[in-house]
Amino acid sequence: MTWDITGMAAVANVGATPGEIFAALCAGRESRRPLMAFDPDKYRAAYAYEIDDRPEGGGDLPRRATRWLTTVVRQAADDAGLGEDLAQVPVLVGTTMREQRSLELWWRDGADVALEELHFGTALKAAFGASTTYTFANACSASLYALGMATDMIQGGLADTVVVAGTDAATEGGFGTLDRVQNDLPDALRPFDVTHKGMLMGEGAAAVVVQRAGTGTGPVHARVRGVSMGCDAHHATAPDPDGITRAVLDAHRRAEVRASDIDLVMLHGSGTPRNDTTEASVLRQIFQGAGEGPRMTAIKAMTGHTLGGSGLLSLVMAVLAMKNETIPPILGLADPIPEAAGLRLVQGSPAAAGDLAIAQVDAFGFGGINAVAIVEAAR
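Every value quoted in this text rests on a predicted model; they were computed, and no experiment measured them. (Residues numbered from 1 in each chain as written. Predicted model: local features only at pLDDT ≥ 70, side-chain atom pairs only at ≥ 80, totals over all residues. Heavy atoms only, no water.)

**Digging into the packing of helix α1 (residues 18–27) against helix α10 (residues 310–324)**
Argument step 1. One can describe the packing of α1 onto α10 by two numbers: an axis separation of 10 Å at closest approach and a directional angle of 75 degrees. Comparing their axes, α10 and α1 come out roughly perpendicular. Facing α1, whose interface residues are P18, G19, I21, F22 and L25, α10 presents L313, V316, M317, L320, A321 and N324.
Argument step 2. Its residues placed into classes, the contact of α1 with α10 shows nine nonpolar, two polar and no charged. (Axes fitted to C-alpha atoms, helices over the stretch in contact; angles between N-to-C directions. Helix = DSSP H or I, 4+ residues; strand = E, 2+ residues; numbered from the N terminus. Parallel < 35°, antiparallel > 145°, perpendicular 65-115°, else oblique. Contact = heavy atoms within 4.5 Å. Nonpolar A, V, L, I, M, F, W, Y, C, P; charged D, E, K, R; others polar.)

As structure tokens, this is what we get:
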């Protein structure tokens, strides 16, 4: 069974639409900026990949994650021809922090934030009349978990159309925790390069409209072939090779593909030494003997780690890569780690690729919360 993707939208630090983001990724411009949201004197890390939408003169605003969410849901629904009435359409949201930043601003600065505004469902109902909304706080795999739940709902006859989204704004609690627990001080997020030192936060949101095959009224961007979801609970932060292997192989099984069928892998690529070495080692094993193997890229080198929405953002970029027959490079990748030897990492400049039919999208979260999606080009 496949599911049609009929609408897409995204916002990130490098663009306000999927096309703008994809063009920026292909251009390979450095996109990190000095930290804006929080007092940089409190932290070792001085950079982040933030969206520049704060008031002139500094300060932070509440409900930014919610505003991005309603923006991408509106744009994806419009792209799919649904309009703004989603009263009969379930909306599933993946996130890591929800509106924690708004709560921080209320606690510290007395920002005007009502309790009900901390729930995404409140804004989705007000903007679209959405009566069925669910939020999944599944760490960095959250939006791909939401995608998997959407396909389950359609397959189970609960809906013909589901809107799936992911959103996160940088929070001081999250930024401060990472700043203290990472052994080294990253000044940029550099996945799979020997200079990688850790992850830096990004911000953004993404949304797709998923429909039962053949039921949409407009063009189909791509098709979801299968989504695996699991939690190996191996360790609070360290990824488990066995758990990631199971997630990838389960996605292949659900999508009814073999390793040799995969043309593109959108890597999780968080830039932490543990993630990069584990992900690279697992993929070397899985794609061993699969011919040349798929091309691979990691967009967090430009967007930062957009947390719960990162998996869906990678999926939208995978769809555009297949449409444009072009793969963005991994920014800053000059000397790949030894574990990545033999992997076809795209570096330096975009790779022209006219043979992209099936893409794998990886999302691996703390606590062993793993999700992998397989998407197919619509031709």
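Still more ground to cover, so stick around.
**A few points about the environment of A290**
Argument step 1. You can see A290 is positioned in the loop between α8 (273–287) and β10 (295–297).
Argument step 2. You can call A290 buried: its relative accessible area is 14%.
Argument step 3. A C-alpha to C-alpha distance of 4.6 Å links A290 and S260, two positions 30 residues apart in sequence. (Buried < 20%, exposed > 50% of the residue type's maximum accessible area, 1.4 Å probe, protein only.)

**Looking at the environment of A77**
Argument step 1. Considering the arrangement of structural elements, one finds A77 in helix α2 (residues 64–79).
Argument step 2. The spatial distance from the C-alpha of A77 to the C-alpha of A10 is 12 Å, given a sequence separation of 67 residues.
Argument step 3. Beyond its immediate sequence surroundings of up to four residues, A77 is in contact with L82, G83, L86 and V209.

**Topic: the sheet that holds strand β6 (residues 161–168)**
Argument step 1. Reading across the sheet, the 11 strands line up as β5-β4-β6-β7-β1-β8-β15-β14-β9-β10-β12 and stay open at both edges, with mixed pairing between neighbours. The open sheet has two free edges, formed respectively by β5 (133–136) and β12 (344–345), since each of these has just one partner strand.
Argument step 2. Of the strand pairs in this sheet, strand β4 (residues 91–94) and β6 are connected by four bridges, and their pairing is parallel. Pairing of G94 across the sheet is with G166, part of β6.
Argument step 3. Across the sheet, helix α5 (residues 142–155) is in contact with β1 (3–12), β4, β5, β6, β7 (204–212), β8 (222–231), β14 (358–365) and β15 (369–377); its angle to β8 comes to roughly 115 degrees. (Pairing = 2+ DSSP bridges.)

**Looking at a nonpolar patch on the surface**
Argument step 1. Together, L103, W106 and W107 make up a nonpolar patch on the protein surface, roughly 410 Å² of accessible area in all.
Argument step 2. Within the secondary structure, L103 is located in helix α3 (residues 100–109).
Argument step 3. Judged by its relative accessible area of 41%, L103 falls in the partly exposed class. (Patch = residues over 30% accessible without salt bridge, like charges linked within 9 Å, V, L, I, M, F, W, Y side chains within 5 Å. Areas by Shrake-Rupley, 256 points an atom, 1.4 Å probe, with all protein chains shown as cover. Salt bridge = Lys/Arg side-chain N within 4 Å of Asp/Glu carboxyl O.)

**With respect to the packing of aromatic side chains**
Aromatic rings considered in pairs are described by the distance between their centres and by the relative angle of their planes.
Argument step 1. This structure, assessed with the given rule, holds three aromatic pairs.
Argument step 2. Relative to F175, the ring of F38 has its centre 5.6 Å away and its plane inclined at 55 degrees; by these criteria the two rings are tilted. On the criterion of sequence distance, the pair formed by F38 in the loop between β2 (33–34) and β3 (47–48) and F175 in helix α6 (residues 172–181) is long-range, its members being 137 residues apart. As far as burial versus exposure is concerned, F38 and F175 are alike and both buried. (Phe/Tyr/Trp six-rings, centres within 6.5 Å; stacked < 30°, edge-to-face > 60°.)

**Points about the side chain of E172**
Argument step 1. With respect to the helices and strands, E172 occurs in helix α6.
Argument step 2. Only 2.6 Å separates the side chain of E172 from the side chain of Y43, close enough to count as a polar contact.
Argument step 3. When neighbours within four sequence positions are excluded, E172 is seen to be in contact with F38, K42, Y43, R101, E104 and R108. (Polar contact = N/O pair within 3.5 Å; in protein donor to acceptor, adjacent residues only side chain to side chain.)

**A closer look at the pairing of β8**
Argument step 1. When β1 meets β8, the two strands line up antiparallel, connected through three bridges. Note on β8: the bridge partner recorded for I5 is A222.
Argument step 2. Of the strand pairs in this sheet, β8 and β15 are connected by nine bridges, and their pairing is antiparallel. The residue bridging S228 from the neighbouring strand is V372, located in β15.

**Quick look at the packing of α5 against α10**
Argument step 1. Remark: α5 packs on α10, axes separated minimally by 5 Å, with the N-to-C direction vectors making an angle of 70 degrees. By the angle between their axes, α5 is roughly perpendicular relative to α10. Within the contact between the two elements, α5 uses S143, L144 and L147 and α10 uses S310, G311, L312 and L315.

**Some points on the nonpolar core**
One recurring pattern in soluble globular proteins is that nonpolar side chains are buried together.
Argument step 1. In this structure, L147, V208, L315 and M317 are the most contacted members of the largest nonpolar core, which totals 88 residues.
Argument step 2. The element contributing the most residues to this core is α10, with 10 residues.
Argument step 3. Discounting residues that sit within four places of it in the chain, V208 has contacts with I5, G7, M8, A76, L147, V162, V163, V164, L312, L315 and V316.
Argument step 4. Among the nonpolar cores identified, the runner-up in size contains 25 residues, and A9, V11, V89 and V209 belong to it. (Core = buried A, V, L, I, M, F, W, Y, C linked by side-chain atoms within 4.5 Å.)

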